[in-house]
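Architecture at a glance
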Amino acid sequence: MKVDARILLRVTSAGHETEDSQVFRAVAVNGDGDNLSARKYYVVKVSDVLLPMTPAVGQLWKVTAESITVRTVTRGEARLTEVFINAKKARVIVPETENLFTRYIQSDSAFAGVGERLARRIWFKFKKEVYDLLENKDVERLKHVKGVTDKVANGLVAGWERYENLKQIAWFDKHDIPSGIARIIIKHHKADAVKAIEDDPYRLICFGLKFAEVDKLAMTNFAVQPNAYIRLRGAVEQALQARMMDGHTVSKHEQLMPLVETLLGSRELAVEALKAGYENTAFILSEKGNYHAVGQWIMEQVVAKRFAKLAMRKVWSSHYDQALNTALSTLTFPLTQKQDEAVKSALAHGISIIAGGAGTGKTTVLNVVLRAYQALGTDIRAMALSGRAAKRITEATSFPAQTITGFIKNVEKEPLGDRTLIVIDEASMVDLATMFKLVNLTKGRVRFLLVGDPKQLAPISAGLVLHEAVEAIPTVTLDVVKRQKGSTGIPEFTRLIVDKQVPEASMFNGNIVFHTCLAKDINERVTQLYKQQPQDTQIISAKYGGNGGIDVINELCQAACNPHGKKLRFDFNGAKNYLDLREYDPIIFVQNNWERGVQNGTLGTLMNVGAPKVEVEDGEISFADVQIDTGEVIPLTIDLIDSIRGAYSISLHKAQGSQFKRVIIPVTNSRMLDNAWIYTALTRAEVKIELVGSFKDFAGSIGRLSEADKRNTYLRELLLLEMAMLNAEAA
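Keep in mind that what you see is a predicted model, and the values were worked out from it rather than measured.

Rules used throughout
Residues numbered from 1 in each chain as written. Predicted model: local features only at pLDDT ≥ 70, side-chain atom pairs only at ≥ 80, totals over all residues. Heavy atoms only, no water. Helix = DSSP H or I, 4+ residues; strand = E, 2+ residues; numbered from the N terminus. Rg over C-alpha atoms; globule rule 2.2 N^0.38 Å. Contact = heavy atoms within 4.5 Å. Core = buried A, V, L, I, M, F, W, Y, C linked by side-chain atoms within 4.5 Å. Buried < 20%, exposed > 50% of the residue type's maximum accessible area, 1.4 Å probe, protein only. 1 Å grid on protein atoms, 1.4 Å probe; cavity = no way out; pocket = protein on both sides within 12 Å on 5 of 7 lines; lining within 4 Å. Points joined across faces, edges and corners; volume = space filled by probe spheres on them. Nonpolar A, V, L, I, M, F, W, Y, C, P; charged D, E, K, R; others polar. Pairing = 2+ DSSP bridges. Polar contact = N/O pair within 3.5 Å; in protein donor to acceptor, adjacent residues only side chain to side chain. Salt bridge = Lys/Arg side-chain N within 4 Å of Asp/Glu carboxyl O. Axes fitted to C-alpha atoms, helices over the stretch in contact; angles between N-to-C directions. UniProt positions renumbered as here; feature names shortened; annotations may be inferred.

Counting secondary structure elements, the chain contains 29 helices and 26 strands. A compact globule built from 731 residues would reach a C-alpha radius of gyration of about 27 Å, and the chain, at 30 Å, matches this within 12%. Taking the principal axes of its C-alpha atoms as reference, the chain extends roughly 90 × 65 × 55 Å. Here the analysis covers contacts within the chain between residues at least 6 apart in sequence; of these, 67% occur between residues at least 24 apart.

Spelled out as structure tokens, the structure:
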């Protein structure tokens, strides 16, 4: 069926948001606003990057399609044509005819109270000049129209505020700058948005565009010369940003120069760029010749200063002895010497670290510390980056815990006093920006206790906090694995991995099994193993596609374990949709939704497809229920539908902070599999590990340098410097 690649549409339903897009329904109209067909409707998906504003009923949009899918649907007795458009360009159109203006004002809820007759009178009086009046908030001129009262005129002006950025967006559109990015720039620079980009188009790099895209735009549309200062500075900023995206917070000259040279295409210009960047503080150049992006420099400085001051605070009194005795009275066995040292360090210092691997007794120490602080009357705020890790804190200690994001969101509602302890479990996952937020949100005397294993994966985002702070501030590392009767052998096995030793055959047992197979057979073998015992089993993969990939394994496991589960189908705005998920499939949420009680990484099971049992609020529609990993059952509503994925297999970053009785790990030759990856994946298992693949690849990954070892950061040096200065002052 022939469909126009560019089409004028009127929005009939604002639709819903997906992870990175907005979907709305519309009908095609002509220049007078009349529907072109009563039997055809459009479903339009626009990426957030391209979206100039949130669609609203009645708006006119000119859409250019990247791809089009046409299908016939039945509504009652009528056969209709549904046209699905994946848009590559979309912009809001201001009506320029009487009919279009009338329908636009009538149907847009922003202009409530203006009916058809009054809208026509306004257009008849002013024509297109009405937009100037609305933009200038000229209430008196608007009142020249019969029926336009103060209330109506002010309502029109208020409603137009939604569209006040259209002129600027049109300018950005003309200069080939994506509407979604234009919207962010306008929000940041407001009325000066256009001028800001005219003055320096390389500002677009800060808003998500790559240097190559901005460079082409700057030279084509703004006549920027190759040696222009703004171009040179933009290249330096892009190079520093690239380093940050790789996890680094600091760079050496030999690391930064090649990146800048590649961007500018000239060694000479690269030298000039770094010189200009230094003179204009595009970066901080330390005495040791390190290049620091300004943002990372500030964050590491702030975190280092707070950590150092807290580390210097050491207090002990008889009250601490009493509190510790109270906490120890609940134990049925004595602490080891190291555990006793860790408890006392955590109580005495303003900040301390309890470090150690699986089976070394970190949970025992944490229990004693929290009960001692409770006896001291301290406000204890326990948290972790992931929801499952926070849940594990509560299960292990009986103290309430939450995610770090939840704490940051609610800290103003539940303010902290001076006598507060912030406890962060799985602290190796915490990046620099997150710790910076926590430090800024807390008073100087609030204590911190970091618990974690610095041998695990580095944080996803830039920086190393726990890894760099270990031993720089008061730290006790629990390094003795206590083998107990009936032990799985997993702690001893993973200790070998940390030491970069390939386990011998004797280390494998009924709880740790290696299934050797060819790369091409990994997916099938993993699926067979999962099918043997799907309950309490999690597959953890290093990549999404190919042998050992998440997507393929999820498909195979669903076909093998749940082929007849009821498929998740749902109607939305009259359109039938479905996801490749079935009732009883394990699922994972990939977006935060605080109102529903889920976050990125929350695991669950899909239940009651098509017949949900959990009640929803009036006006809401639920398509199924989900039992999440806290045990709570929540409704699968439209705002959650696009954030769920199958979870027979998940990534290690999603699994980090969680533990499962049985873990299956596909072993491939992926460079992602380094020492920290293998170690972290293995320590997700409580009872049984099943490795599948080539033992040669397994051995290679054990010896491969971990990402944390390759990151360039500066926090440790700053911490040591701050501690030395404070010690000198105290001397």
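Core analysis: the largest hydrophobic core is formed by 45 residues, its most contacted members being V44, W61, F101, I122, V130 and L142. If we ignore the near neighbours within four places in the chain, the residues touching V130 are F101, I122, W123 and L142. Core analysis: the next-biggest nonpolar cluster, separate from the first, contains 41 residues, F172, I230, L232 and L269 among them.

The next subject is empty space enclosed by the protein. In total, this model carries 2 cavities of 30 Å³ or more according to the counting rule given. Lining the largest cavity are L240, R243, M244, H248, T249, V250, S251, Y291, A293 and Q296. Secondary structure elements with two or more residues in the lining of the largest cavity: α10 (229-245), β6 (250-251) and β8 (291-293). Take the lining of the largest cavity: its biggest share by element is 3 residues, from α10. Residues that form the lining of the largest cavity fall into these classes: 5 nonpolar, 4 polar and 1 charged. Approximately 30 Å³ is the volume found for the second largest cavity. Forming the boundary of the second largest cavity are L134, E135, K137, V157, W160, E161 and E164. Counting only elements with at least two residues in the lining of the second largest cavity, the list comes to α3 (129-135) and α5 (150-160). When its residues are assigned to classes, the lining of the second largest cavity shows 3 nonpolar, no polar and 4 charged.

Time to look at the pairing of strand β22 (residues 633-637). The element β22 is largely enclosed, with a buried count of 4 among its 5 residues. Note that strand β21 (residues 622-628) and β22 share 5 bridges and pair antiparallel. Among the inter-strand pairings, D625 is bridged to a residue of β22, identified as P635. Counted between consecutive antiparallel strands, the loop separating β21 from β22 contains 4 residues, among which G631 sits at a positive phi close to 100 degrees.

This brings us to the side chain of Q168. Checked against the element boundaries, Q168 lands in helix α6 (residues 166-174). A polar side-chain atom of Q168 sits 3.4 Å from the main-chain carbonyl oxygen of K190.

When the charged atoms of two side chains lie near each other, side chains of opposite charge can form a pair. Taken as a whole, this structure holds 25 salt bridges when the rule is applied. Between E98 and R120 there is a salt bridge; the shortest N-O distance is 3.0 Å. With a gap of 22 residues between them, E98 in helix α1 (residues 98-107) and R120 in helix α2 (residues 116-126) connect regions that are remote in the sequence. For E98, a relative accessible area of 32% gives the class partly exposed. The exposure class assigned to R120 is partly exposed, which follows from its relative accessible area of 26%. Close ionic contact of E140 with K143 constitutes a salt bridge, the shortest N to O distance being 3.6 Å. Here E140 falls in the exposed class, since its relative accessible area comes to 51%. Connected through salt bridges with shared partners, the residues E98, E116 and R120 form a single ionic network.

A few words now on the sheet that holds strand β1 (residues 6-17). Note on sheets: strands pair through backbone hydrogen bonds, and any given pair is parallel or antiparallel. Spatial ordering of the closed barrel is given by β1-β2-β3-β5-β4, a layout of 5 strands whose pairing is mixed. When strand polarity is set aside, the average angle formed by the axes of neighbouring strands in this sheet is 40 degrees.

It is worth spelling out the UniProt feature "domain: AAA+ ATPase" (unreviewed entry) in the chain at this point. Per the UniProt entry, the sites bearing "domain: AAA+ ATPase" (unreviewed entry) are residues 348-471 in this numbering. Span residues 348-471 is 38% helix and 21% strand, its end C-alpha atoms 16 Å apart.

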